[in-house]
Amino acid sequence: MSTAAPVIATRRIIPGFGLTLGFALAYLGLVVLLPLSATFIRSADLSAAEWWAAVSSPRVVASYRLTFGVSLLAALANVVFGVIAAWVLVRYRFPGRRLVDALVDLPFALPTAVAGIALTALYAPNGWLGAPLAKIGPEGIKVAYTALGVWVALTFIGLPFVIRTVQPVLEELEPELEEAAASLGATRLQTLWRVVLPALRPSILTGFALAFARAVGEYGSVVFIAGNMPMKTEITPLLIVTKLEQYDYAGATALAVAMLVVSFALLLLINVLQLWSRRQGQ
Amino acid sequence: MNFRIPLFAALVALAPGLASAKNVRLLNVSYDPTREFYVEFNKAFATHWKAKTGDTVTVQQSHGGSSKQARSVIDGLGADVVTLALSADIDAIAERTGRIPADWQTRLPAASTPYTSTIVFLVRKGNPLGIKDWDDLVKPGVSVITANPKTSGAARWSYLAAWAYAKHRYGSDDAARDFVTTLYKRVPVLDSGARGSTITFTQRGIGDVFLSWENEAFLALKERGEGEFEIVVPSLSVLAQPPVALVEANAKRKGNLEVAQAYLDYLYSPDGQRLAARHYYRPQHPEHADAADAARFPELERVTVDEEFGGWANAQATHFADGGVFDQIYGGK
């Protein structure tokens, strides 16, 4: 761990650094940077004032709030329940464990539109879950066609990320550490808080970042369940598509650029946090 | 190794035959609810073309929201013909790519619309809320399903129909604006396309009234049985003109100019008109429709976008452009 940083500076023992770095950069450039720069160039059709007007109109700002806010809440829910799920899958042996383990990956594989249609059918006021929920309380709990529905969809598609990043780290974590903590007089809560969680922190942050990023970019599953009401349940990716369908390519890319910048800033922040948490862990 | 020579020989033997009777592939890029109509029309046209020229035509269809389909053609989808929901969408292709001549709408009879339609209400069985006309839609407690007019052709026609009704009834644009604003307060879900809102209404059970293409409403009755829904015809609606056009540059490049033009002309033929009526489109020449099909279309006053709104370009700029009336209704900019 502690030698990770100076490796680049010292003489490299494994050959082929130049070649592989070249490939890595070319690949990254072709697959990621080229389409992204096209987005930036396209949005440059607008003047600065037009660009600002496009990305800061009230309807667009409301969609940022929904997209980033609900993505954050969904990622947080996945952190809490993902860590618990990973813990159960790693630490306990029970019948059907492998099946449950395989189920975790389903949201990765399922086409998001299918997920959206299934969730909407389930949570619509005449659906299996929607109908009983609508009877709770004086107003009833509405899920489909509200922000809550968006949260359900985003939680669903983000589920595997935290579990899959925490799981291998948890497997590597020796139970002896916890036993040592216990023999030194730590309570169970103290062991969890001071021994287990600090070791998991970087992987939890990674899982959180992945789940969050996935949720921010999600389109397919959300448009079915959101109801898509302007100012209320309209996500930014939907606004981008709406602008495209009105032949407003420049406006659509302006929104895309705004989202890219915000997402990149947030991911960068999470990376910094991760670095900090690793240092703390050492 | 052995079979290659016979195969080659067979190909050589067949080649002259292939050359004399051509296999032609046409691509018709259309909007959502025309699916069933064009399946049948394509068969009829293939038979007609085979009899006339001996060539075999296979027409491929592509369906989706009208604007989305137009955008695909703009982005390079090789459509020979487009049959869309709004002239504005075909205008967009013409303006942005030049693959359709600017005066396309004058090149075919009746402003390039072989069939027309209108917007009607679809309500639940027995019409429990007693919906009769547009005024009933803005009453408190009524829930109305329509799509987002910025992306859906049908929703744009519906919006304009509501506006036209209110303007006729209450006499001013301000009153019409208030009416439409209240109407959209009654809308709980805005899907991006017409098929999406059909599903919301018919399968999710949301809403009391669905503002629908007339042909889509008939189709919903047919597919779900007459026991679930009823059609209510308002006193006034809009004359919806879904136009067709030849994408000249694409058809020329593919050598399909003649057959693509014939395909569009065939829409105006007695056969094409009869099929349109069978699939719930109002034909330009009702005399060619089967009597039973023609009898299904109720009488109602249908206003045109040209008369009421000064043409599509105007309606688009005032109502549906960013910052237009529709955006203002939702408290956007």
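The rules behind each value
- Residues numbered from 1 in each chain as written.
- Chains lettered and ligands numbered in written order.
- Predicted model: local features only at pLDDT ≥ 70, side-chain atom pairs only at ≥ 80, totals over all residues.
- Heavy atoms only, no water.
- Axes fitted to C-alpha atoms, helices over the stretch in contact; angles between N-to-C directions.
- Helix = DSSP H or I, 4+ residues; strand = E, 2+ residues; numbered from the N terminus.
- Parallel < 35°, antiparallel > 145°, perpendicular 65-115°, else oblique.
- Contact = heavy atoms within 4.5 Å.
- Nonpolar A, V, L, I, M, F, W, Y, C, P; charged D, E, K, R; others polar.
- Patch = residues over 30% accessible without salt bridge, like charges linked within 9 Å, V, L, I, M, F, W, Y side chains within 5 Å.
- Areas by Shrake-Rupley, 256 points an atom, 1.4 Å probe, with all protein chains shown as cover.
- Salt bridge = Lys/Arg side-chain N within 4 Å of Asp/Glu carboxyl O.
- Lys, Arg positive; Asp, Glu negative; His and termini not counted.
- Charge placed at Lys NZ, Arg CZ, Asp CG, Glu CD.
- Buried < 20%, exposed > 50% of the residue type's maximum accessible area, 1.4 Å probe, protein only.
- Pairing = 2+ DSSP bridges.
- 1 Å grid on protein atoms, 1.4 Å probe; cavity = no way out; pocket = protein on both sides within 12 Å on 5 of 7 lines; lining within 4 Å.
- Points joined across faces, edges and corners; volume = space filled by probe spheres on them.
- Expected span 1.5 Å × (residues − 1).
- UniProt positions renumbered as here; feature names shortened; annotations may be inferred.
- Buried area = accessible area lost by both parts, 1.4 Å probe.
- Polar contact = N/O pair within 3.5 Å; in protein donor to acceptor, adjacent residues only side chain to side chain.
- Domains from an automatic or database assignment.

S.K.: Got a sec to walk through the packing of helix 7 (residues 153–170) of chain B against helix 16 (residues 312–320) of chain B? Specific residues and values, please.
M.R.: Residue and element names in this part refer to chain B. Close contact between helix 7 and helix 16 brings their axes to 12 Å; oriented N to C, the two are set at 85 degrees. Judged by the inter-axis angle, helix 7 sits roughly perpendicular to helix 16. Counting all contacts with helix 7, which are made through Arg156, Trp157, Tyr159, Leu160 and Trp163, the residues of helix 16 involved are Trp312, Ala315, Gln316, His319 and Phe320. Residue composition of the contact of helix 7 with helix 16, by class: seven nonpolar, two polar and one charged.

S.K.: An account of a negative patch on the surface is needed here, citing residue identities and associated values.
M.R.: Residues and elements named next belong to chain A. Taken together, the side chains of Glu171, Glu172, Glu174, Glu176 and Glu179 present a region of like negative charge at the surface. Going through the elements one at a time, helix 8 (147–172) and helix 9 (175–183) are the ones with two or more residues in the negative patch. You can see Glu174 is positioned in the loop between helix 8 and helix 9. A relative accessible area of 48% places Glu174 in the partly exposed class.

S.K.: Break down the sheet that holds strand 11 (residues 244–246) of chain B for me, with residues and values.
M.R.: Residues and elements named next belong to chain B. Taken together, four strands build an open sheet; the order of strands is 2-1-3-11 and the sheet is mixed. Two strands in the sheet have a free side with no partner beyond their single neighbour: strand 2 (56–62) and strand 11. On average, adjacent strands in this sheet sit at an angle of 20 degrees to one another, irrespective of strand direction. Bridging between strand 1 (residues 23–30) and strand 2 involves seven bridges; their strand directions are parallel. Among the inter-strand pairings, Leu27 is bridged to a residue of strand 2, identified as Gln60.

S.K.: Quick one: what's the story with empty space enclosed by the protein, residue by residue and with numbers?
M.R.: Residues and elements named next belong to chain B. Across all of its chains, the model carries four cavities of 30 Å³ or more by this definition. By volume, the largest cavity is sized at about 70 Å³. Around the largest cavity, the lining comprises 15 residues; the ones closest to its centre are Gly65, Ser66, Ser152, Gly153 and Ala194. A per-class count over the lining of the largest cavity returns six nonpolar, eight polar and one charged.

S.K.: So what's going on with helix 7 of chain B? Which residues, and what values?
M.R.: All names here are of chain B. Across its 18 residues, helix 7 extends 26 Å between first and last C-alpha, which sits within 8% of the 26 Å expected from 1.5 Å per residue. Counting buried residues along helix 7, 14 of its 18 residues qualify, which places the element largely inside the surrounding structure. Downstream of helix 7 by one or two residues, Gly171 has phi in the positive range, about 90 degrees.

S.K.: Any details on the UniProt feature "domain: ABC transmembrane type-1" (unreviewed entry) in chain A? Residues and values, ideally.
M.R.: Annotation from UniProt places "domain: ABC transmembrane type-1" (unreviewed entry) at residues 64–270 of chain A. A helix fraction of 77% and a strand fraction of 0% characterise residues 64–270 of chain A, whose end C-alpha atoms lie 19 Å from each other.

S.K.: Before we move on, could you go through the interface of chain B and chain A and cite the residues and values that matter?
M.R.: Taken together, the 29 residues of chain B in the interface contact 24 residues of chain A. For the pairing of chain B and chain A, the buried interface totals around 2,300 Å² over both sides, and the portion due to carbon and sulfur atoms is 53%. In this structure, the connection of chain B to chain A is made through two salt bridges. The salt bridge involving Arg59(A) is made with Asp327(B); its shortest N-O contact spans 2.7 Å. Our enumeration of links across chain B and chain A arrives at 10 residue pairs in polar contact (both at pLDDT 80 or more). Looking at the side of chain B that touches chain A, the elements that each hand over two or more residues are helix 3 (66–74), helix 4 (87–97) and strand 7 (190–191) of chain B. The dominant element in the side of chain B that touches chain A, judged by the number of residues it contributes, is helix 3 of chain B, at five residues. Its residues assigned to classes, the side of chain B that touches chain A shows 10 nonpolar, eight polar and 11 charged.

S.K.: Quick rundown of the environment of Gly126(B)? Include the residues and the values.
M.R.: Residues and elements named next belong to chain B. The residue Gly126 is located in the loop between strand 5 (119–124) and helix 6 (134–137) in this model. On the accessibility criterion, Gly126 (53% relative accessible area) is exposed. Spatially, the C-alpha atom of Gly126 lies 45 Å from that of Arg107, the residues being 19 residues apart in sequence.

S.K.: An account of the pairing of strand 5 of chain B is requested, with residue identities and associated values reported.
M.R.: All names here are of chain B. Among the six residues of strand 5, five are classified as buried, and the element is accordingly described as predominantly covered. Judged from the five bridges that link them, strand 5 and strand 8 (residues 209–213) form a sheet pairing that is antiparallel. Residue pairing in the sheet places Phe121 in a bridge with Leu211 of strand 8. Strand direction decides the pairing type here: strand 5 and strand 9 (residues 229–232), joined by four bridges, are antiparallel. Of the residues in strand 9, the one forming a bridge with Leu122 is Ile231.

S.K.: Summarise the layout of surface pockets; cite the residues concerned and give the values.
M.R.: Looking at the largest pocket, its volume works out to about 560 Å³. Surrounding the largest pocket, 25 residues form its lining, Phe224(A), Asp191(B), Ser192(B), Gly193(B) and Gly196(B) being those nearest its centre. Secondary structure elements with two or more residues in the lining of the largest pocket: helix 6 (112–123), helix 11 (220–226) and helix 12 (236–245) of chain A together with helix 9 (194–202) of chain B. Among the domains, domain 1 (23–113 + 241–268) and domain 2 (117–240 + 300–332) of chain B are the pair contributing at least three residues each to the lining of the largest pocket. Reported here for the second largest pocket is a volume of approximately 460 Å³. In terms of residues, the lining of the second largest pocket owes the most to one element, helix 8 (residues 173–185) of chain B, which gives three residues. Among the residues forming the lining of the second largest pocket, the class breakdown is 18 nonpolar, four polar and three charged.

S.K.: Explain the pairing of strand 8 of chain B to me, using residue names and the numbers behind them.
M.R.: Residues and elements named next belong to chain B. With respect to burial, strand 8 is a largely interior element, five of its five residues being buried. As defined by bridge partners, strand 6 (residues 144–147) adjoins strand 8 across two bridges and the pair is classed as parallel. Looking at strand 8, one finds that Val144 is bridged to Val209.

S.K.: Outline the UniProt feature "transmembrane region" (unreviewed entry) in chain A, supporting the account with residue identities and numerical values.
M.R.: Residue and element names in this part refer to chain A. Within the UniProt annotation, "transmembrane region" (unreviewed entry) is assigned to residues 21–44, 64–90, 102–123, 143–163, 204–229 and 249–273. Annotated as 82% helix and 0% strand, the span residues 102–123 places its first and last C-alpha atoms 25 Å apart. As annotated, residues 143–163 has a helix share of 81% and a strand share of 0%, and its two end C-alpha atoms lie 25 Å apart.

S.K.: Go over the domain arrangement of chain B, please, and point to the residues and values.
M.R.: Residue and element names in this part refer to chain B. Structurally, chain B comprises domain 1 (23–113 + 241–268) and domain 2 (117–240 + 300–332). The centre of domain 1, based on its C-alpha atoms, is set 27 Å off from the matching centre of domain 2. Between domain 1 and domain 2, the residue contacts involve 11 residues of the former and 14 residues of the latter. Three residues, Pro33, Leu86 and Gln241, lead the burial of domain 1 against domain 2; their summed loss comes to 46% of the area buried on that side. Counting every contact that joins domain 1 to domain 2 gives two residue pairs in polar contact (both at pLDDT 80 or more). Broken down by class, the residue content of the side of domain 1 that touches domain 2 amounts to five nonpolar, three polar and three charged.

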